[in-house]
Amino acid sequence: MAALSRTVSSLSRRPQLQGLQPARQMSSLFGHVEPAPKDPILGVTEAFLADQSPDKVNVGVGAYRDDNGKPLVLQCVREAERRIAGNLNMEYLPMGGSITMIEQSLKLAYGEDSEFYQRQEDRGSAGAFRNCHHNIWRDANVPQNKFTYYHPESRGLDFSGLMTDIKNAPDGSFFMLHACAHNPTGVDPTEEQWREISHLFKAKKHFPFFDMAYQGFASGDPERDAKAIRIFLEDGHQIGCAQSYAKNMGLYGQRVGCLSILCDDEKQAVAVKSQLQQLARPMYSNPPVHGALVVSIILNDPELKNLWLQEVKGMADRIIGMRTALKENLEKLGSPLSWEHITNQIGMFCYSGMTPEQVDRLTNEFHIYMTRNGRISMAGVTSGNVGYLANAIHEVTKPK
């Protein structure tokens, strides 16, 4: 999208016609428009790009980087694109999305041998999902409440607070949950805690809707990362699931994902899908085709899928390794603080516990960029900058 910043100069030189507003006055239509507030995440990247320091480090962006700090395109994606080029048309996809991609996505989320997939009671709609959930609910005029999750003192999960809020919520409430690699905290419930959460949801008749943007990217094992969903399925829940392939396939710019809703029977599924398509019609009508083709080819080809599993594990392992390296560097510097939460958390982000003032010092004194809530994108940490980052964190967090 673009807003035109110049008027056509020839208009102002034409003879003024009676009854027509002069061109120079037409610009006043937008004279009252104020610049929108900067996005807190995108603003970090803009500031980083404007910084001329050779030492600058960007740990704010939520996109994977290799150990040289460069964007990575997976080899399985390159091969899928090679097969697409010159061989497939670019016709509209059905409103519900690519059938092949949906089928493969359901297998990935619910399990290859899942009875729910075999009964074909799930129906999907391709689309894009982001982490700005609060803005989505607000713009849809949906009332929302927050529930307890993060425990600032331990940098971990406030499980008792979470369970209390689930218990006290009105029966039949809709809950947005992260299946794995919680964004922004990196804090996930244990398997046993997920089972307790599921049982309480069942008793309260709550509806669980899972945002799963990091399957495979969190632990390196897609099956392990889908464990929360499998637990809820075992307990007989109807669920919703929003999958994204931005992180685990590196398809950030393609905005490709899959929405699925588990219904009781095919009749319900057909009705629910029709409602989803009615919502999609005035928004985008048909989802983009290229990303859907890439995902379909990778997941539908055993050789390419195996290559993807290796590559996504490689990305996860590098991030896990950087967590260990950052923690060890801080400990070697003699930091009196506990940094166990760096390795206890999982996924792309680390909720460091640093204050906004400490983050400001990192930026102003060390040219290190992150969001002011202290969230570190571990994808931006490399073997080349982890020592510098640890030293800077130590300097701004050590007791005066």
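Calculation notes
- Residues numbered from 1 in each chain as written.
- Predicted model: local features only at pLDDT ≥ 70, side-chain atom pairs only at ≥ 80, totals over all residues.
- Heavy atoms only, no water.
- Helix = DSSP H or I, 4+ residues; strand = E, 2+ residues; numbered from the N terminus.
- Buried < 20%, exposed > 50% of the residue type's maximum accessible area, 1.4 Å probe, protein only.
- Contact = heavy atoms within 4.5 Å.
- Areas by Shrake-Rupley, 256 points an atom, 1.4 Å probe, with all protein chains shown as cover.
- Axes fitted to C-alpha atoms, helices over the stretch in contact; angles between N-to-C directions.
- Parallel < 35°, antiparallel > 145°, perpendicular 65-115°, else oblique.
- Left-handed = near helix turned anticlockwise from the far one by under 90°.
- Nonpolar A, V, L, I, M, F, W, Y, C, P; charged D, E, K, R; others polar.
- Salt bridge = Lys/Arg side-chain N within 4 Å of Asp/Glu carboxyl O.
- Patch = residues over 30% accessible without salt bridge, like charges linked within 9 Å, V, L, I, M, F, W, Y side chains within 5 Å.
- Polar contact = N/O pair within 3.5 Å; in protein donor to acceptor, adjacent residues only side chain to side chain.
- Pairing = 2+ DSSP bridges.
- Right-handed = clockwise from strand over helix to strand, strands pointing away.
- Phe/Tyr/Trp six-rings, centres within 6.5 Å; stacked < 30°, edge-to-face > 60°.
- Lys NZ or Arg CZ within 6 Å of the ring centre and 35° of its normal.

**So, the overall build of the chain**
So, point 1. Helix and strand counts for the chain stand at 17 helices and 11 strands.
So, point 2. Within the chain, the proportion of its 400 residues that are buried is 48%.
So, point 3. Look at the contacts in the chain between residues 6 or more apart in sequence, and 75% of them connect residues 24 or more apart.
So, point 4. Accessible area for the chain stands at about 21,600 Å²; split by element, carbon and sulfur atoms hold 53% of it.

**Some words on the environment of Ala316**
So, point 1. By the secondary structure assignment, Ala316 is in helix H14 (residues 302-332).
So, point 2. Separated by 30 residues in sequence, Ala316 and Ile346 place their C-alpha atoms 9.3 Å apart.
So, point 3. For Ala316, the contacting residues outside a window of four places in its chain are Gly216, Phe217, Ala218, Ser219 and Gly220.

**Things to note about the packing of helix H5 (residues 99-110) against helix H13 (residues 290-300)**
So, point 1. For the pair H5 and H13, interaxial distance at closest approach is 9 Å and the crossing angle is 55°. By the angle between their axes, H5 is oblique relative to H13. You can see that H5 and H13 cross each other, and the crossing is left-handed. From H5, Thr100, Met101, Gln104, Ser105 and Leu108 reach across to H13, where they touch Ala292, Val295, Ser296, Leu299 and Asn300.
So, point 2. Grouping the amino acids of the contact of H5 with H13 by side-chain chemistry returns five nonpolar, five polar and no charged.

**Some remarks on the packing of helix H4 (residues 75-84) against H13**
So, point 1. Interaxial distance between H4 and H13 falls to 9 Å at its minimum, and their mutual angle equals 110°. With respect to their mutual orientation, H4 and H13 come out roughly perpendicular. The two elements H4 and H13 cross, and the hand of that crossing is right-handed. Across the interface between the two elements, Cys76, Val77, Ala80, Glu81, Arg83 and Ile84 from H4 touch His290, Leu293, Val294, Ile297 and Ile298 from H13.

**Some details on unusual backbone geometry**
So, point 1. The linkage connecting Asn183 with the following residue, Pro184, adopts the cis geometry, with an omega of 20°.
So, point 2. Tracing the backbone shows Pro184 in the loop between strand S5 (174-178) and helix H9 (191-204).
So, point 3. Positive phi values are uncommon outside glycine, yet Arg155 reaches one of about 60°.
So, point 4. Backbone geometry at Ser285 places phi at a positive 60°, although glycine is not the residue there.
So, point 5. Looking at the secondary structure, you find Ser285 in the loop between helix H12 (266-280) and H13.

**So, the pattern of salt bridges**
Pairing between side chains becomes possible if they bear opposite charge and their charged atoms approach one another.
So, point 1. Counted under the stated rule, the structure contains 18 salt bridges.
So, point 2. A salt bridge links Glu79 to Arg83; the shortest N-O distance between them is 2.9 Å. Within this pair, Glu79 and its partner Arg83 are both found in helix H4, separated by four residues, close to a single helical turn.
So, point 3. The closest approach of N and O atoms between Glu395 and Lys398, which form a salt bridge, is 3.2 Å.
So, point 4. When salt bridges that share partners are traced, they join Glu79, Arg82, Arg83 and Asp301 into one network.

**Some details on the environment of Lys332**
So, point 1. You can see Lys332 is positioned in helix H14.
So, point 2. Residue Lys332 is classed as exposed on the basis of its relative accessible area, which comes to 72%.
So, point 3. Taking the C-alpha atoms as reference, Lys332 lies 9.9 Å from Asn391; in sequence the two are 59 residues apart.

**Examining the environment of Phe210**
So, point 1. Tracing the chain through its elements places Phe210 in strand S6 (residues 207-212).
So, point 2. Take Phe210: its relative accessible area is 0%, and that puts it in the buried class.
So, point 3. The sequence separation of Phe210 and Ala228 amounts to 18 residues, and the corresponding C-alpha distance is 9.0 Å.
So, point 4. Excluding residues within four positions of it along the chain, Phe210 makes contact with Leu177, Ala179, Trp194, Ala228, Ile229, Phe232, Ile239, Gly240, Cys241 and Ala242.

**A closer look at a nonpolar patch on the surface**
So, point 1. Residues Leu29, Phe30 and Val33 make up a contiguous nonpolar surface patch of roughly 350 Å² in combined accessible area.
So, point 2. Tracing the sequence through the fold places Leu29 in the loop between helix H2 (23-26) and helix H3 (42-50).

**Observations concerning the side chain of Ser296**
So, point 1. Residue position: Ser296 is located in helix H13.
So, point 2. At a separation of 3.3 Å, a polar atom in the side chain of Ser296 contacts the main-chain amide nitrogen of Met101.
So, point 3. Discounting chain neighbours no more than four positions away, the residues touching Ser296 are Ser98, Thr100 and Met101.

**Details of the pairing of S5**
So, point 1. Where burial is concerned, most of S5 is hidden: four out of the five residues are buried.
So, point 2. In this structure, S5 lies alongside S6, joined through five bridges in parallel fashion. Bridge pairing links Leu177 to Phe210 in S6.
So, point 3. For the crossover that starts at S5, traverses H9 and ends in the parallel S6, the hand is right-handed.

**Section: the packing of aromatic side chains**
So, point 1. All chains considered together, the criterion is met by 13 aromatic pairs.
So, point 2. Ring geometry for Tyr214 against Phe217: centres 6.0 Å apart, planes inclined by 55°, an arrangement best described as tilted.
So, point 3. Taken together, the ring pairs in this structure connect Phe147, Phe175, Trp194, Phe201, Phe210 and Phe232 into an aromatic cluster.
So, point 4. Sitting above the plane of the Phe48 ring, Lys56 keeps its charged end 4.5 Å from the centroid.

**Observations concerning the pairing of strand S8 (residues 257-262)**
So, point 1. The buried fraction of S8 amounts to six of the six residues, a majority that puts the element mostly inside the structure.
So, point 2. Of the two faces of S8, the one carrying Gly257, Leu259 and Ile261 and the one carrying Cys258, Ser260 and Leu262 are both buried.
So, point 3. Bridge count between strand S7 (residues 240-244) and S8: five bridges; the pairing is antiparallel. Bridge pairing in S8 links Gly240 to Ile261.

So yeah, pure geometry; function would need other evidence.
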